[in-house]
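# Commentary on secondary and tertiary structure
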Amino acid sequence: MLRIIFTPEDIGRVRIAGEPDPMWETVFSVFRLQRPGPAPIFGPWREHAVRAARRSDLDILVPLIRGRYYPDFLTPAEGRDGMPNGIEALLSTPKSRLMQDMVELSRLGEPTPSWMRKLAEGDRPVLQRLATAMHSQYQAVVEPFWAEAQAHIEADRSRRARALLDEGYEGLLDSFRPIMRWDSPVLEVETPFEQTVELDGRGLWLVPSYFSWGQPDVLRDPALPPVLVYPVPRDPALIGRQRTSGAAVSALIGQTRTSVLESIGDGSTTSELARRVGVSAASVSQHTAVLREARLIHTSRVGKAVLHTITPLGAALLGDHPGRLS
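To keep things clear, this report deals only with the structure shown in the data block.

Rules of the game
Residues numbered from 1 in each chain as written. Predicted model: local features only at pLDDT ≥ 70, side-chain atom pairs only at ≥ 80, totals over all residues. Heavy atoms only, no water. Helix = DSSP H or I, 4+ residues; strand = E, 2+ residues; numbered from the N terminus. Rg over C-alpha atoms; globule rule 2.2 N^0.38 Å. Buried < 20%, exposed > 50% of the residue type's maximum accessible area, 1.4 Å probe, protein only. Contact = heavy atoms within 4.5 Å. Axes fitted to C-alpha atoms, helices over the stretch in contact; angles between N-to-C directions. Parallel < 35°, antiparallel > 145°, perpendicular 65-115°, else oblique. Left-handed = near helix turned anticlockwise from the far one by under 90°. Nonpolar A, V, L, I, M, F, W, Y, C, P; charged D, E, K, R; others polar. Core = buried A, V, L, I, M, F, W, Y, C linked by side-chain atoms within 4.5 Å. Phe/Tyr/Trp six-rings, centres within 6.5 Å; stacked < 30°, edge-to-face > 60°. Salt bridge = Lys/Arg side-chain N within 4 Å of Asp/Glu carboxyl O. Pairing = 2+ DSSP bridges. Expected span 1.5 Å × (residues − 1). Arc of directions from axis to C-beta.

## Remarks on the overall build of the chain
When its secondary structure is counted, the chain shows 14 helices and 11 strands. Since a compact globule built from 326 residues should have a radius of gyration of about 20 Å, the 21 Å found for the chain is in line with a globular shape. Each of the 326 residues in the chain was classed as buried or not, and the buried ones make up 49%. A fraction of 73% describes how many contacts in the chain between residues 6 or more apart in sequence connect residues 24 or more apart.

## Here's the deal with the packing of helix H5 (residues 83-91) against helix H8 (residues 124-142)
Two quantities define a packed helix pair, namely the angle between the helix axes and the distance between the axes. At a closest axis distance of 9 Å, the pairing of H5 and H8 adopts a crossing angle of 160 degrees. Relative to H8, the element H5 lies roughly antiparallel. H8 is crossed by H5, and the crossing has right-handed handedness. Mapping the contact onto sequence places Met83, Ile87, Leu90 and Leu91 in H5 and Arg124, Leu127, Gln128, Leu130, Ala131, Met134, His135 and Tyr138 in H8. Split by residue class, the contact of H5 with H8 holds nine nonpolar, two polar and one charged.

## Here's the deal with the nonpolar core
Grouped together as the largest cluster of nonpolar side chains are 51 residues, with contacts concentrated most on Leu64, Leu90, Leu119 and Leu130. Ranked by the residues each element gives to this core, the list is headed by H8, at 10 residues. Leaving out residues up to four positions away in the same chain, Leu130 has contacts with Ile60, Leu61, Leu64, Phe73, Leu74, Leu90 and Leu119.

## Concerning the packing of aromatic side chains
A ring pair, where both rings are aromatic, is described by two values, the distance of the centres and the angle of the planes. The final tally for this structure, using the stated rule, is nine aromatic pairs. Ring centres of Phe31 and Tyr70 lie 5.4 Å apart, and the angle between their planes is 65 degrees; on these two criteria the pair is classed as edge-to-face. Of this pair, Phe31 sits in helix H2 (residues 22-34) while Tyr70 sits in the loop between helix H4 (55-61) and H5, and the two are 39 residues apart along the sequence. Note on Phe31: relative accessible area 9%, which makes it buried. The class of Tyr70 is buried, set by a relative accessible area of 8%. Ring geometry for Tyr138 against Trp146: centres 6.2 Å apart, planes inclined by 75 degrees, an arrangement best described as edge-to-face. Accessibility expressed as a relative area gives 1% for Tyr138, which makes it buried.

## Some words on the environment of Pro226
Within the fold, Pro226 resides in the loop between strand S7 (217-218) and strand S8 (227-231). Along the chain, Pro226 and Trp205 lie 21 residues apart, while their C-alpha atoms are 6.3 Å from each other. Leaving out residues up to four positions away in the same chain, Pro226 has contacts with Leu199, Arg202, Gly203, Leu204 and Trp205.

## A closer look at the pattern of salt bridges
Applying the stated criterion across every chain yields a total of 12 salt bridges. Here Glu9 and Arg13 are joined by a salt bridge, their closest N and O atoms 3.0 Å apart. With relative accessibility at 45%, the residue Glu9 sits in the partly exposed group. Note that Glu190 is salt-bridged to Arg181, the shortest N-O span being 3.3 Å. Accessibility expressed as a relative area gives 41% for Glu190, which makes it partly exposed. A network of salt bridges, in which partner residues are shared, links Arg97, Asp101 and Asp221.

## Remarks on the sheet that holds S8
The strand order S2-S6-S8-S7 describes an open sheet built from four strands, whose pairing is mixed. The strands lining the two open edges of the sheet, one partner per strand, are strand S2 (14-16) and S7. Two elements, S2 and strand S6 (residues 204-209), share three bridges in a ladder whose sense is parallel. Its bridge partner being in S6, Ile16 is matched across the sheet by Leu206. On top of the sheet, helix H9 (residues 146-174) reaches S2, S6 and S8; it is set at about 165 degrees to S2, its chief contact.

## Focus on helix H6 (residues 95-106)
The first and last C-alpha atoms of H6 sit 16 Å apart over 12 residues, in line with the 16 Å expected at 1.5 Å per residue. Along H6, the residues classified as buried are Arg97, Leu98, Asp101, Met102 and Leu105. Down the axis, H6 shows its buried residues gathered within 120 degrees of arc, on one side only. Exposed residues lying more than 90 degrees from the buried face of H6 are Lys95 and Ser96.

## What to know about the pairing of S8
Among the five residues in S8, five count as buried, and that is most of the element. Here S8 shows a buried face lined by Val227, Val229 and Pro231 and a second buried face lined by Leu228 and Tyr230. One ladder, built from two bridges, connects S7 with S8; its direction is antiparallel. The residue bridging Asp217 from the neighbouring strand is Val229, located in S8.

In structure tokens:
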């Protein structure tokens, strides 16, 4: 069990990342190759990853990422600013951190290749080889799915934002059930290890993840900036690069549906769209059904409301192509 203890000051310092963290996603991609997860969710990705992942990368990544613990230095805070910054931070890991994390990893009792002992000692060539493997794994199996990951995370952020607007930070933290349980002032997370993190006014950085599955993850050193990475709900309708049919595209032609699509913004309910477009809620529901069938929007339920968010395909249709990490 992981217990994160909040002070009143921490409640107002909860933040949710706006996009996946490439370093965390790369780590999780190594897990998914070893533990595939549900086929309807990860099947299309895994088919690609089995072909695209390089054996030389996995030879160095798997021994570090295979059990209930993996080194904190693989997921530095700088990764949230892009893969190049994450790799630079990895290469700048202090020797003391390398030694601390590798000693912790050795306690799992798994076989230890000789290069891991060199890494613990701060051997520069080994660290550079590791950084190269991380970047190569990202390019091969994470980056091609970045737009899909972003679509899921934007939908999740819209749901969390609704919870925050409707019920405040208490409602936001409570919205993570069942994967987390909020019982003020403690956020409890089911984990295979026992850990207590006291925020002490530092706040909490919540990072939604596309490749994570099951339980949220946390940095194991409580002295590091508090981060909690959680799996976003996965909608199979947004998975895979499926082409929109010609019939579905034809059904979109029309001013009202265009207005509905343009009015969604960062996420809108059916009633909000009805007000913005100037039509009835029933009419909006009909239009959003067509947009959803064409994979231009994603629809989810938040409390009693239905929330619509735009997909990368929908954004591209409007000329707003989602970005990708470099």
